[in-house]
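Listed below are the residues making up each chain.
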Amino acid sequence: MARRAGALSASTLLTGGPVLALVLALGLVPVIVLAGLDGAGTQALGPADWAAIRFTLVQATLSAAISCALAVPFARALARRSFPGRRAIVALLGAPFLLPVIVAILGLLAVWGRAGAASDLSRAFGGPVLSIYGLPGVLLAHVFFNVPLVTRLLLQGWQAIPAERFRLAAQLGMGPGAVFRLLEVPLLRAVLPGAFLLVFLLCMTSFAVALALGGGPRATTIELAIYQALRFDFDLGRAARLALVQFALCGAVAGLALWLGRPGAFGRGMGRFRRRWDAPGGAVRVWDGTVILLLLGFLLPPMGFVLGRGAAALVSGPPSGLWEATGTSLALAICSAIGATLAVLALAGLITALPRGRGAVVEGIGLLMLAASPFVIGTGLFVLLRPVIDPFAWALVITGVINAAMSLPFGLRALVPAMAAARGEYGRLADNLGITGLARLRLVTLPLIRGPLGFSAGLAAALSMGDLGVITLFAPPGVETLPLYMYRLMGAYRMDDAAGAALLLLVLSLAVFWVFDQGGRDGSAA
C-alpha cells in the first residue's frame, strides 16, 4: 500500500525520537561497551568459545533444514485437502509464538525423555531407553517449535497462488508433477530461503532450549556460553567476546533474511481452501493424510501431557511459591506490554510520517532487535549499571525493558502497515482540518489501528509471560517469574509440580494475549 508522508509534527518527533534513540542505545551501546571491556573486542577466542560457535551453527543449520524438510509436505497436504478440523489445525500452527518454551520442553521430556512414553514403549519391545539431552534434544525442541512456523509461512505462499492457475492447469491436463514443477516449485524458491534463515536466526538465539536440553561441553550454544561466563565464572571479557560474535552472526543472518524478502508479500487468505484438481484422491490422498497424521502425532502429544498431568497436579494442591511467581510474571507481562505498545505506537508514527526512504531506515533500526540477543543487551546493561546500582536489585525492571524491546520488531510489522493505511486515507483530511497531536491520535488514528495495536500488545505480553532469559541472569534469591520457578522445579526433579506450573503458565500466556488482542478487536469495531 502506498505510503503518503505528511508534515512531521513536533509531537510525532518528540514521541518517536526518544524511542528511536532508546532502541539504538539498547541495540548498539551494550555492544560498544562490551567491545571496549578489557580489550575484549581484540582478544582471541578460546577453544571452548569456538566449540560453542560450532555447535550453535551446526544445531541452527540442522534445525532449520529439518524443519523446512518436514514443513513442505505438511503444508502441501494442508493446502490441497479439505476436511473437518482443518481450520483448527491451521489456527493451532500459530501457537508456537505464544507457547512458553519451558512448557514445551516439559512436554517433550514427558514424551521423549528417559522416563517418557517413547522410552516406555521402547523398553516394552526390548529396545533402549531414549535420551534426548545434547544435540538430539536441542534439534527435537527446535523442530517442534519451527515446523508449525514454516508450515504457516508456506501456507501463506500457497494461498497466494491464484485459484485460476490451478483451474487452468486442470483444463490443460497437467498432472501432479507438472503442477508441482510449474506452480509450486517457484513458490518454494520464493518462500523457503527466507523461512530457512528465519528459523536459523531463531535457533541461533535460542537459550531456554539449550539450557534445559543441552549445556554440556559438547552442547553449549553461544547464548548459553554467555550466560555461563557471566553467571558462574564472572568472566566479563569472555562474555563480551561471545556477545560480539553473537551480534555479528545474527546481524548478518537477519540482514540476509530481510534482503531475501518477507513472507507477507505473498498475500493473505490463510484458512481458505482452494480446489486442487491435481490431487483428487487415491494414493495422493492417502499420502496427504499420512503426512498430516504423522506431524500431528509429533506436535500434539507433548501438549496433551502438559494439560493432563498439569491439571492433576493443580487439583492435588499447588506447590508453595507458585502464586507469588505467578503474580510477578503477570505484573511483568502487563508492564512489558504497556511499554512495548507505547514504544511501537511512537515509532510507527514516526516511520509513517517520514518520507519512504527515511521511514525505511527508521524501521530498519526498529528491527535491529532481531539481530540483538537479549543476553547481549543484558550483559551490556549489567556492565553499564553495575557501578551505579545493584543490577540484581533491579532484575525485574531490566527484564521488563528487555522483554518490551525484544517484542518491538513484531509489533512494528503489525502496526506500521495499518498506520500507513490510516495516514494514506485520512491524513490529508486531518491536515486540512488542523487535527494534530493527541486529538488526531484519538479521533483519526486509534479507531483504525486498534486491531493490530491490540495484537501487538497481546504478543508482547505473551512473549514476556513465557520468557526464560534475562531473568535467569539477574534474578536474586527469592525473586522468580513463573518460567524461572518452573525451571527450578524441573531442576529439582519435581516434575508433577512443574507440570502444574506449566499448565498455569500456558493458560495465562494465552489469556493475556487474548485479552489484549480481543480488546483491540472490540475497539476497532466501535
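Residues numbered from 1 in each chain as written. Predicted model: local features only at pLDDT ≥ 70, side-chain atom pairs only at ≥ 80, totals over all residues. Heavy atoms only, no water.

(A) Main features of the overall build of the chain. Along its length, the chain carries 21 helices and zero strands. Counting the 526 residues in the chain, one finds 52% classified as buried. For the chain, long-range pairs separated by at least 24 residues make up 84% of all intrachain contacts whose partners lie at least 6 apart in sequence. Summed over its atoms, the accessible surface of the chain is roughly 22,700 Å², and 68% of this surface lies on carbon and sulfur atoms. (Helix = DSSP H or I, 4+ residues; strand = E, 2+ residues; numbered from the N terminus. Buried < 20%, exposed > 50% of the residue type's maximum accessible area, 1.4 Å probe, protein only. Contact = heavy atoms within 4.5 Å. Areas by Shrake-Rupley, 256 points an atom, 1.4 Å probe, with all protein chains shown as cover.)

(B) Seen up close, the pattern of salt bridges. For the structure shown, the criterion picks out seven salt bridges. Among the ionic pairs, Arg 76 bridges to Glu 184, the shortest N-O distance being 3.0 Å. Residue Arg 76 is located in helix H2 (residues 47-79), and its partner Glu 184 is located in helix H8 (residues 176-204); the two are separated by 108 residues in the primary sequence. The burial state of Arg 76 is the same as that of Glu 184; both residues are buried. Here Arg 494 makes a salt bridge to Asp 497, at a shortest N to O gap of 3.0 Å. Relative accessible area serves as the criterion here: at 38%, Arg 494 is assigned to the partly exposed category. A single network of salt bridges, built from pairs that share partners, joins Arg 80, Arg 81 and Asp 288. (Salt bridge = Lys/Arg side-chain N within 4 Å of Asp/Glu carboxyl O.)

(C) Spatial organisation of the environment of Arg 238. In this fold, Arg 238 is placed in helix H11 (residues 236-260). In this structure the C-alpha to C-alpha distance between Arg 238 and Ala 225, which are 13 residues apart in sequence, comes to 8.9 Å. Setting aside its immediate chain neighbours within four residues, Arg 238 contacts Ala 48, Asp 49, Ala 225, Ala 229 and Asp 233.

(D) Structural view of the packing of helix H4 (residues 101-112) against helix H20 (residues 482-491). Two elements in contact, H4 and H20, have axes separated by 10 Å at closest approach and are oriented at 25°. One finds that H4 runs roughly parallel with respect to H20. Together, Ile 102, Val 103, Ile 105, Leu 106 and Leu 109 of H4 and Pro 483, Met 486, Tyr 487 and Met 490 of H20 make up the contact between the two elements. Taken together, the residues that form the contact of H4 with H20 break down as nine nonpolar, no polar and no charged. (Axes fitted to C-alpha atoms, helices over the stretch in contact; angles between N-to-C directions. Parallel < 35°, antiparallel > 145°, perpendicular 65-115°, else oblique. Nonpolar A, V, L, I, M, F, W, Y, C, P; charged D, E, K, R; others polar.)

(E) View of the nonpolar core. By size, the foremost hydrophobic cluster in this structure holds 88 residues, and its most contacted members are Phe 74, Val 103, Phe 144, Leu 154, Trp 158, Leu 482 and Met 486. The residues touching Val 103, leaving out its near neighbours within four places in the chain, are Met 303, Val 306, Met 486, Ala 502, Leu 505 and Leu 506. Judged by nonpolar contacts, the second largest core, of 61 residues, contains Ala 239, Val 344, Met 406 and Leu 408. (Core = buried A, V, L, I, M, F, W, Y, C linked by side-chain atoms within 4.5 Å.)

(F) Just the state of the cysteines, in detail. Within this structure, the stated rule accounts for zero disulfides. No disulfide involves Cys 203; its nearest neighbouring cysteine sulfur is the one of Cys 68, lying 9.8 Å away. (Disulfide = S-S within 2.5 Å.)

(G) Layout of a nonpolar patch on the surface. Among the surface-exposed residues, Val 58, Leu 62, Ile 66 and Leu 70 lie close enough to one another that they form a single nonpolar patch of about 270 Å² accessible area. As for its position among the elements, Ile 66 is in helix H2. We classify Ile 66 as partly exposed; its relative accessible area is 34%. (Patch = residues over 30% accessible without salt bridge, like charges linked within 9 Å, V, L, I, M, F, W, Y side chains within 5 Å.)

(H) Local environment of the confidence of the model for the chain. Confidence in the prediction of the chain, expressed as mean pLDDT, is 81, and 90% of residues score 70 or more. Between residues 263-271, whose pLDDT stays under 50, and residues either more than four places distant or in other chains, the model counts 18 contacts. (pLDDT = per-residue confidence, 0-100.)

(I) Quick look at the packing of aromatic side chains. In this structure the tally under the stated criterion is five aromatic pairs. Their ring planes at 20° and their centres at 6.4 Å tell us that Phe 196 and Phe 200 sit as a pair that is stacked. Taken together, the positions of Phe 196 and Phe 200, both in helix H8 and four residues apart, correspond to about one turn of that helix. Between Phe 455 and Phe 513, the ring centres sit 5.8 Å apart and the planes meet at 85°, which makes this aromatic pair edge-to-face. Taken together, the residues span a long stretch of sequence, with Phe 455 in helix H18 (residues 437-465) and Phe 513 in helix H21 (residues 495-525) at a distance of 58 residues. Taking relative accessible area as the criterion, Phe 455 reaches 32% and is therefore assigned partly exposed. With relative accessibility at 14%, the residue Phe 513 sits in the buried group. An aromatic cluster of three or more residues is present, and its members are Phe 144, Phe 145 and Phe 298. (Phe/Tyr/Trp six-rings, centres within 6.5 Å; stacked < 30°, edge-to-face > 60°.)

(J) Layout of H2. The end-to-end C-alpha distance of H2, which contains 33 residues, comes to 47 Å, matching closely the 48 Å that a straight helix rising 1.5 Å per residue would cover. Along H2, the largest kink reaches about 25° and is centred on Ala 71; proline Pro 73 follows within four residues of it. (Expected span 1.5 Å × (residues − 1). Bend = angle between axes of the 7 residues up to and from the residue.)

(K) Structural view of the environment of Ala 79. Positionally, Ala 79 belongs in helix H2. Here Ala 79 falls in the buried class, since its relative accessible area comes to 6%. As for Ala 79 and Gln 159, which are separated by 80 residues in sequence, their C-alpha atoms are 7.6 Å apart.

(L) Region of interest: the side chain of Asn 146. Along the chain, the position of Asn 146 falls in helix H6 (residues 135-160). Among the residues examined, Asn 146 registers a relative accessible area of 5% and is labelled buried. Within the local environment of Asn 146, its side chain forms a polar contact with the backbone oxygen of His 142, the two atoms lying 2.8 Å apart. Those residues within four positions of Asn 146 in sequence are excluded, and the remaining contacts are Ser 67, Val 199, Leu 202 and Cys 203. (Polar contact = N/O pair within 3.5 Å; in protein donor to acceptor, adjacent residues only side chain to side chain.)

(M) Expanded view of the side chain of Ser 63. Relative to the helices and strands, Ser 63 is located in helix H2. Overall, Ser 63 belongs to the buried group, its relative accessible area being 0%. Within polar-contact distance, the side chain of Ser 63 engages the backbone oxygen of Gln 59 at 2.6 Å. For Ser 63, the residues in contact, after removing those within four places along its chain, are Leu 139, His 142, Val 143, Val 199 and Cys 203.

(N) Seen up close, unusual backbone geometry. A positive phi angle, near 60°, is found at Tyr 493, a position not held by glycine. When you line up the elements, Tyr 493 lands in the loop between H20 and H21. Judged by its relative accessible area of 72%, Tyr 493 is exposed.

(O) Summary view of the packing of H2 against helix H12 (residues 283-316). Where H2 meets H12, the closest approach of the two axes is 9 Å, and the angle between their N-to-C directions is 120°. In terms of orientation, H2 lies oblique with respect to H12. Note on packing geometry: the crossing formed by H2 with H12 is left-handed. Each of Leu 70, Pro 73, Phe 74, Ala 77 and Leu 78 in H2 lies in contact with H12, whose residues at this interface are Asp 288, Val 291, Ile 292, Leu 295, Leu 296 and Leu 299. In the contact of H2 with H12, the residues fall into ten nonpolar, no polar and one charged. (Left-handed = near helix turned anticlockwise from the far one by under 90°.)

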